Amino acid sequence: MTAASQYLNAQGKLGDELDRMLVWSALGLLMLGLVMVYSSSIAMAEGSGFTGHRANYFLIRHSIFLVVGTVAGIAAFQIPLRLWQQVSPWAFALGVLLLLLVLIPFIGRSVNGAQRWLAFGPANLQPSELMKLFAVLYAADYTTRKLADMTSFRRGFVPMAIVMVMVGALLLREPDFGAFVVVVSIAIGILFLGGINARLFAVLIVVMAIAFVILIWSSPYRRERIFGFMDPWQDPLGKGYQLSHALIAFGRGEWLGVGLGASVEKLFYLPEAHTDFLLAVIAEELGFVGVAIVVCMFAVLVQRCFAIGKQSLLLDRIYPALVAQGIGIWLGVQSFINMGVNMGLLPTKGLTLPLMSFGGSGILANCIALGILLRVDWENRQMMRGQQV
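Thresholds, definitions, all that
Residues numbered from 1 in each chain as written. Predicted model: local features only at pLDDT ≥ 70, side-chain atom pairs only at ≥ 80, totals over all residues. Heavy atoms only, no water. 1 Å grid on protein atoms, 1.4 Å probe; cavity = no way out; pocket = protein on both sides within 12 Å on 5 of 7 lines; lining within 4 Å. Points joined across faces, edges and corners; volume = space filled by probe spheres on them. Helix = DSSP H or I, 4+ residues; strand = E, 2+ residues; numbered from the N terminus. Nonpolar A, V, L, I, M, F, W, Y, C, P; charged D, E, K, R; others polar. Axes fitted to C-alpha atoms, helices over the stretch in contact; angles between N-to-C directions. Left-handed = near helix turned anticlockwise from the far one by under 90°. Contact = heavy atoms within 4.5 Å. Expected span 1.5 Å × (residues − 1). Bend = angle between axes of the 7 residues up to and from the residue. Polar contact = N/O pair within 3.5 Å; in protein donor to acceptor, adjacent residues only side chain to side chain. Phe/Tyr/Trp six-rings, centres within 6.5 Å; stacked < 30°, edge-to-face > 60°. Buried < 20%, exposed > 50% of the residue type's maximum accessible area, 1.4 Å probe, protein only. Lys NZ or Arg CZ within 6 Å of the ring centre and 35° of its normal. Pairing = 2+ DSSP bridges. Core = buried A, V, L, I, M, F, W, Y, C linked by side-chain atoms within 4.5 Å.

A word on the layout of surface pockets. The calculated volume of the largest pocket comes to roughly 1300 Å³. Forming the walls of the largest pocket are 48 residues, and the residues nearest its centre are V111, N112, W117, E272 and T275. It is helix α13 (residues 360-388) that provides the largest number of residues to the lining of the largest pocket, a total of five residues. Per-class residue counts for the lining of the largest pocket are 21 nonpolar, 17 polar and 10 charged. Volume-wise, the second largest pocket comes out at about 610 Å³. Lining the second largest pocket we find 19 residues, and of these F177, V181, I216, L346 and P347 sit closest to its centre. Taken together, the elements giving at least two residues each to the lining of the second largest pocket come down to α7 (177-193), α8 (198-217), α9 (220-230) and α12 (318-343).

What follows is the structure, encoded as structure tokens:
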């Protein structure tokens, strides 16, 4: 039996056009995210003047984000991967331009000391979210073009390193350390999958670890977050405030939670309950079972990314394979960091939970990525169908 036949048999009947496990896990995360964003934001929406004291303010906006993201994802699905590869350098250049624009005074919008948004009327665009998608497309294209040079430090690694340093400098200028970590993880992960020299990769990991320590130690507010993470109860009203209340939410949830809508921590105790700390509200209201379901859906989603990428490799489709696996790295790393922060396993960092947290730019980028991923899977199936004929 050929690899194509095995894959199709594993997925179901020949007439199936899309990976059902991928579709259902993604839809499950999006729909559960909509419910939990509404639940976690009601109190803030009712108590805030800028929302007009409307309890459904964030629900309406998040629903609009989902509709826009779904339309964008469907549009992305219509574009063949060869065209995505052709435009990837231009898309990456657009991302760099947006990162530059957001740093210009009176153009970029600042919130809580971070200048990360571009205002477009009632909506705000966060370029760092789009840059994650552009980094996947560009790194996959670069690696595909440089496959013969992947073992060379000068020809294979240095050009990508220069580009990533430039992007990293712009992200740290905002500052957005979380996006910087995700973008670097995407680039390094795709280079590794593309066959970069193992010894060079090991040295690179060590250098990156040292660089991250320097970046953290050279920034007072990052140092404070590290100290707050190590012992949040030492200063629960100061540097340990967010983490201590997230841990209280997890503790109150126990096995089955206190019930949907019954969270206490979302009542102005837990900051960013509908964005960065959405998982803590899920833990409090739905308990260990709810968190386990979210983790399992993300695990399925990431596994399908790598399975689709592997099938592309079997079909000798290098670029689509790296794009699919790059999306898996992106969603896997970002969800792992967000969950680790919520559970107190990692220092507090401003990263949303992909597909679930409130935020138009993140939902838009995630849905486009899913559309591209489904396109990779669809093209795989069309090629395998042709081989069987």
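What follows is about the packing of helix α5 (residues 127-145) against α12. Running from N to C, α5 and α12 point in directions that differ by 145 degrees, and their axes come no closer than 9 Å. In the crossing of α5 with α12, the sense of the turn from one axis to the other is right-handed. Contact residues: E129, K132, L133, V136, L137, A140, D141, T143 and T144 in α5; I318, Y319, L322, V323, G326, I327, W330 and Q334 in α12.

Let's shift gears to helix α2 (residues 20-47). Its 28 residues place the ends of α2 41 Å apart at the C-alpha level, agreeing with the 40 Å of an ideal helix rising 1.5 Å per residue. Of all the bends in α2, the greatest, near 50 degrees, is centred on S41. Two or three places before M21, at the opening of α2, D19 has a side-chain oxygen 3.1 Å from that residue's backbone nitrogen.

Position of K266 relative to the elements: it lies in the loop between α10 (241-253) and α11 (278-314). Here the side chain of K266 touches G261 through a polar contact of 3.2 Å, landing on its backbone oxygen. When sequence neighbours within four positions are dropped, the list of residues in contact with K266 reads S39, S40, A43, G261, A273, V281 and E285.

In total, this model carries 10 aromatic pairs according to the counting rule given. Taken together, a centroid distance of 5.1 Å and an interplanar angle of 90 degrees make the contact between Y57 and F58 edge-to-face. When sorted by exposure, Y57 lands in the same class as F58, which is buried. Members of the aromatic cluster, joined through ring pairs, are Y57, F58, F65 and F358. It is R375 that lies over the ring of F77; its NZ or CZ is 6.0 Å from the centre.

Below, the discussion takes up the sheet that holds strand β2 (residues 114-120). An order of β1-β2-β3 is seen for the three strands of this open sheet, with the pairing classed as antiparallel. Two strands in the sheet have a free side with no partner beyond their single neighbour: β1 (108-111) and β3 (123-125). Ignoring strand direction, the axes of neighbouring strands in this sheet form an average angle of 50 degrees. Here β2 pairs with β3 via three bridges, running antiparallel.

The next thing to look at is the nonpolar core. Ranked by internal contacts, the top residues of the largest apolar core, which has 105 residues, are F92, V294, M356 and I372. Ranked by residue count, the leading element in this core is α11, at 13 residues. Setting aside residues no more than four positions away along its own chain, V294 makes contact with L29, L32, L279, I282, M339, L353 and M356.

This next bit is on the pairing of β1. Sheet analysis places β1 next to β2, joined by four bridges and oriented antiparallel. Bridging from a neighbouring strand, G108 pairs with L118 of β2. Connecting the antiparallel pair β1 and β2 is a turn made up of two residues, with N112 showing a positive phi of about 55 degrees.

What follows deals with unusual backbone geometry. Backbone phi values are negative for most residues with the exception of glycine, while trans is the configuration of most peptide bonds. Following E174, the chain continues into P175 via a peptide bond in cis, with omega recorded as -5 degrees. Along the chain, the position of P175 falls in the loop between α6 (153-173) and α7. A positive phi angle, near 70 degrees, is found at F106, a position not held by glycine. Within the element layout of this structure, F106 appears in the loop between α4 (81-101) and β1. Among the residues examined, F106 registers a relative accessible area of 87% and is labelled exposed. Located in the positive-phi region is F268, a residue other than glycine, with phi close to 70 degrees. Position of F268 among the secondary structure elements: in the loop between α10 and α11.

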